Amino acid sequence: SLWKLNLNTLSTENEVTKGLVKVSIYPNPASSILNLKVENQQIESVKIYNLLGKVVMNLSNKKGIKNITISNLSPGIYVMQLKTNVGFFTKRIIKK
């Protein structure tokens, strides 16, 4: 199938910033705790989605999130979305 690109919803400012910012999530794969770091930015919220797109963890309204506990998640592959004051960053994580 074909995808239509809607240029009205893209933000070049955030895209450029993402290319220049180092995002660290470790250890990955992990079994209990993930350490999070976005270079020169504070993480404001974290969402973890399963591969069906369902939110399985949502941490928000917290400034400076540095780690999260994922021991309650089932083993598998997830998508993590980090929100900072500058933008959103998406990374794949593996739960052992």
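These lines cover the structure that appears in this document, whether it is placed above or below. (Residues numbered from 1 in each chain as written. Predicted model: local features only at pLDDT ≥ 70, side-chain atom pairs only at ≥ 80, totals over all residues. Heavy atoms only, no water.)

Once that is clear, we can look at the overall build of the protein. A tally of regular secondary structure across the protein gives one helix and seven strands. The secondary structure elements of the protein, listed N-terminal to C-terminal, are α-β-β-β-β-β-β-β. Just so you have it, the protein exposes about 6,800 Å², and 52% of that area is on carbon and sulfur atoms. (Helix = DSSP H or I, 4+ residues; strand = E, 2+ residues; numbered from the N terminus. Areas by Shrake-Rupley, 256 points an atom, 1.4 Å probe, with all protein chains shown as cover.)

As for its placement among the helices and strands, Val23 is situated in strand β1 (residues 23-26). Every residue in contact with Val23, bar those within four places of it in the chain, is listed here: Lys37, Val38, Leu82, Phe89 and Lys91. (Contact = heavy atoms within 4.5 Å.)

Moving on: the pairing of strand β3 (residues 43-49). Most of β3 sits out of view: five of its seven residues are buried. Pairing of β3 with strand β6 (residues 76-84) involves six bridges; the strand directions are antiparallel. If you follow Lys47 over to β6, its bridge partner there is Gln81. Relative to strand β4 (residues 55-59), β3 runs antiparallel, the two sharing four bridges. Paired with Tyr49 across the bridge in β4 is Val55. Following β3, the chain reverses through five residues before pairing antiparallel with β4; Gly53 in that reversal takes a positive phi of roughly 90°. (Buried < 20%, exposed > 50% of the residue type's maximum accessible area, 1.4 Å probe, protein only. Pairing = 2+ DSSP bridges.)

Turning our attention to the nonpolar core. Residues Leu34, Leu36, Val46, Ile48, Ile68, Met80 and Leu82 are the most contacted members of the largest nonpolar core, which totals 20 residues. In this structure Met80 touches Ile25, Leu34, Leu36, Val46, Lys47, Ile48, Ile68, Phe89, Thr90, Lys91 and Ile93, once residues within four positions along its chain are discounted. (Core = buried A, V, L, I, M, F, W, Y, C linked by side-chain atoms within 4.5 Å.)

Further remarks concern the sheet that holds strand β2 (residues 33-38). If you walk across this open sheet you meet the three strands as β1-β2-β5, and the pairing is antiparallel. If you trace the sheet from one side to the other, it starts and ends with β1 and β5 (67-69), each paired once. Shown here is a sheet whose adjacent strand axes are inclined to one another by a mean of 20°, direction ignored. Bridging between β1 and β2 involves four bridges; their strand directions are antiparallel. Within β2, the position partnered with Ser24 by the bridge is Lys37. (Axes fitted to C-alpha atoms, helices over the stretch in contact; angles between N-to-C directions.)

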